[in-house]
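Given next are the chains, with one letter for each unit.
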Amino acid sequence: MESNIILALDIEEKDKALRVAKEVVGHVKAFKVGYPLILNYGVNVINEVSKFGEVIVDLKIADIPDVSRNIARIVTSNGGEGVIAHGFVGRDVIREVRKESKKLYVVAEMSHPGNTDFMSGLSEKIAIMAKEEGADGIVAPATHPDRIRILKRVSGLQVLSPGVGTQGGSYRGAMESGADYLIIGRSITMSSDPKQKIKELLSQR
Ligand code: BMP
């Protein structure tokens with residue numbers, strides 16, 4: 001069965017990130033690359049990671065429509081198969097980012113405690129808007145599996161779910177609530193044997 005784990009490469013040293021990526025080839029659905037690697041090494045690091053598999057670029061785009069679209073274009077032209085954008089900034093932003101993204105994932109609700117300060121009150125509207133604007137999926141928290149179920153139901157979109165492991169969410173709980181893919185970082189990248197850790201997680205299916 002194909003892996004449903006998206007490995008978050010939040011590693012600041014490129015050599016280590018590429019070493020981990022190489023080690024787990026064939027055991028992850030995709031790699032997620034974001035600020036830590038791109039700020040340290042430039043946008044070409046996306047191409048470098050893409051030698052090992054599909055790369056979803058997580059800059060959580062959240063600017064005005066014109067700037068957001070240009071960010072998506074740069075990311076896509078440098079090897080990004082997927083782009084993650086924030087949904088709270090509004091429909092016009094998502095519409096523009098859609099134009100320059102191959103696969104677009106919209107953050108509907110987040111996994112950290114501060115999510116309930118503002119975002120959780122908006123997430124259902126964001127998820128519906130993501131669907132209406134042609135997104136390929138939404139991001140919803142494994143730390144609150146009940147929210148995965150609701151956001152998947154209202155949007156009908158695939159759910160990418162972060163928060164398993166270090167943040168306290170469980171692989172099984174997220175899967176049972178309908179998550180399609182699990183975004184997992186530290187519990188794999190900081191383990192002494194990342195490939196074995198992935199196998200252990202996948203064995204819970
Ligand atoms: P970790 O498994 O180490 O907690 O990493 C989770 C990853 O998912 C990080 O890359 C983080 O940026 C991302 N993420 C998250 O944790 N919560 C969200 O709500 C949205 C995210 O993109």
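Our structure is the block above this text.
Heads up: these notes are all about the structure in this document. (Residues numbered from 1 in each chain as written. Predicted model: local features only at pLDDT ≥ 70, side-chain atom pairs only at ≥ 80, totals over all residues. Heavy atoms only, no water.)

Let's talk about the sheet that holds strand E7 (residues 158-162)
Here comes step 1: Spatially, eight strands are ordered E1-E2-E3-E4-E5-E6-E7-E8 in a closed barrel, and the strand pairing comes out parallel. Adjacent strand axes in the sheet meet at a mean angle of 25° when their direction is disregarded.
Here comes step 2: Pairing geometry for strand E1 (residues 5-8) and strand E2 (residues 30-34), over three bridges, is parallel. Directly across from Ile6, in E2, lies its bridge partner Ala30.
Here comes step 3: Relative to strand E3 (residues 55-61), helix H4 (residues 65-77) is tilted by about 160°, and along the sheet it contacts E3 and strand E4 (82-86). (Pairing = 2+ DSSP bridges. Helix = DSSP H or I, 4+ residues; strand = E, 2+ residues; numbered from the N terminus. Axes fitted to C-alpha atoms, helices over the stretch in contact; angles between N-to-C directions. Contact = heavy atoms within 4.5 Å.)

Focus on the nonpolar core
Here comes step 1: One finds Ile5 and Leu9 to be the most contacted residues of the largest nonpolar core, which totals 65 residues.
Here comes step 2: Residues within four places of Leu9 in sequence aside, it is in contact with Ala17, Val20, Ala21, Phe31, Lys32, Val33, Leu37, Val49 and Thr189. (Core = buried A, V, L, I, M, F, W, Y, C linked by side-chain atoms within 4.5 Å. Buried < 20%, exposed > 50% of the residue type's maximum accessible area, 1.4 Å probe, protein only.)

Some thoughts on the packing of H4 against helix H5 (residues 91-99)
Here comes step 1: At their nearest, the axes of H4 and H5 sit 8 Å apart, and the two run at 30° to each other. Here H5 runs roughly parallel to H4, going by the angle between their axes. Crossing angle aside, the handedness with which H4 passes H5 is right-handed. Counted together, Pro65, Ser68, Arg69 and Ala72 of H4 and Asp92, Val93, Glu96 and Val97 of H5 form the full contact between these two elements.
Here comes step 2: Its residues assigned to classes, the contact of H4 with H5 shows four nonpolar, one polar and three charged. (Parallel < 35°, antiparallel > 145°, perpendicular 65-115°, else oblique. Left-handed = near helix turned anticlockwise from the far one by under 90°. Nonpolar A, V, L, I, M, F, W, Y, C, P; charged D, E, K, R; others polar.)

Things to note about the site of the ligand
Here comes step 1: Lining the immediate surroundings of the ligand are 14 residues, of which Asp10, Lys32, Ser111, Gly185 and Arg186 lie closest.
Here comes step 2: One nitrogen or oxygen atom from the side chain of Lys32 is found 2.7 Å from an oxygen atom belonging to the ligand.
Here comes step 3: Arg186 has a polar side-chain atom sitting 2.7 Å from an oxygen atom of the ligand.
Here comes step 4: Burial of the ligand by the protein chains amounts to 90% of its free accessible area of 480 Å². (Near = heavy atom within 4 Å. Polar contact = N/O pair within 3.5 Å; in protein donor to acceptor, adjacent residues only side chain to side chain. Areas by Shrake-Rupley, 256 points an atom, 1.4 Å probe, with all protein chains shown as cover.)

Examining the environment of Tyr171
Here comes step 1: Along the chain, Tyr171 turns up in helix H8 (residues 171-176).
Here comes step 2: Each C-alpha atom of the pair Tyr171 and Val33 lies 21 Å from the other, and the pair is 138 residues apart in sequence.
Here comes step 3: Other than its neighbours up to four places away in sequence, Tyr171 contacts Asn4, Ile5, Val164, Leu182, Ile184, Leu201, Leu202, Gln204 and Arg205.

Things to note about the side chain of Asp58
Here comes step 1: Considering the arrangement of structural elements, one finds Asp58 in strand E3.
Here comes step 2: A polar atom in the side chain of Asp58 sits 2.6 Å from the side chain of Lys32.
Here comes step 3: In terms of polar contacts, Asp58 uses its side chain to reach the side chain of Lys60, at 2.8 Å.
Here comes step 4: Once residues lying within four places of it in the same chain are set aside, the contact partners of Asp58 are Lys32, Val33, Gly34, Tyr35 and Ile84.

Examining the pattern of salt bridges
Here comes step 1: On inspection of all chains with the given rule, the structure shows 17 salt bridges.
Here comes step 2: Asp58 serves as the salt-bridge partner of Lys32, at 2.6 Å between the closest nitrogen and oxygen. Of this pair, Lys32 sits in strand E2 while Asp58 sits in strand E3; the two residues are 26 residues apart in sequence, bridging distant segments of the chain. Of the two residues examined, Lys32 and Asp58, each falls in the buried class.
Here comes step 3: The partner of Arg98 in a salt bridge is Asp136, with the nearest N and O atoms 3.0 Å apart. Residue Arg98 is found in helix H5, and its partner Asp136 is found in the loop between helix H6 (123-132) and strand E6 (137-139); the two are separated by 38 residues along the sequence.
Here comes step 4: Salt bridges sharing partners connect three or more residues here, namely Asp66, Arg69, Glu96 and Lys99. (Salt bridge = Lys/Arg side-chain N within 4 Å of Asp/Glu carboxyl O.)

Bear in mind that shape data such as this cannot, by itself, settle questions of function.
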